Amino acid sequence: MDEKKEMQHKITMENRENLCICGVEDVESFDESDIVIYTVNGILSVKGCNLHINRLNTESGELMIDGEIDSLVYSNTEINRGGFFTKLFK
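S.K.: Looking at this structure, I do not really get unusual backbone geometry. What am I missing?
M.R.: Glycine aside, the phi torsion of most residues is negative, and most peptide linkages are trans. For Arg 16, which is not glycine, the phi dihedral falls at a positive 55°. We classify Arg 16 as partly exposed; its relative accessible area is 47%.

Below you can see the structure in the form of structure tokens.
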């Protein structure tokens, strides 16, 4: 776990179509319009159209996304990683 915390977080975007993110820990959810990512610097939401994950390597912490990228938004709130029963008995 310490290895991931020492990983640097870096974002590179080309022409709002190709996005490379380093420092990725996990992907919470994804569809063609929204991808929610856990990074070493917090939760990142990528919004757009026709979004596709081309490559995800959680060992190296690298994620590559293609599509029409409209926004990148960081959130300080924690997303509950629990399932249905965790939410039910909260």
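On we go from here.
S.K.: For this particular structure, what's the right way to read the pairing of strand β5 (residues 42-57)?
M.R.: Sheet faces and side chains relate simply in a regular strand, where the side chains alternate between the two faces. As paired strands, strand β4 (residues 34-39) and β5 are joined by six bridges and run antiparallel to one another. Its bridge partner lying in β5, Thr 39 is registered against Gly 42. With antiparallel pairing between neighbouring strands as the criterion, β4 and β5 make up a hairpin whose turn holds two residues. Here β5 pairs with strand β6 (residues 62-75) via twelve bridges, running antiparallel. Bridge pairing links Leu 44 to Tyr 74 in β6. Counting the residues that bridge the hairpin from β5 to β6 gives four residues, and of these Gly 61 lies at a positive phi of roughly 75°.

Conventions used here
- Numbers given to residues run from 1 along each chain, matching the order in which its sequence is written.
- A pLDDT threshold of at least 70 governs which residues receive local features in this predicted model, and a stricter bar of 80 or more applies before side-chain atom pairs are shown or counted, although totals over entire chains, interfaces and linings include all residues.
- Only hydrogens and water are removed before side-chain values are computed, so all heavy atoms of the structure are retained for them.
- Only protein chains enter the area calculation, which uses a 1.4 Å probe; residues under 20% of their type maximum are buried, those over 50% are exposed, and those in between are partly exposed.
- We call two strands paired when DSSP finds no fewer than two bridges between them.
- Numbering goes from the N terminus for both helices and strands, where a helix is a DSSP run of H or I of at least four residues and a strand is a run of E of at least two.

Remember, this is a structural readout, not a statement about activity or role.
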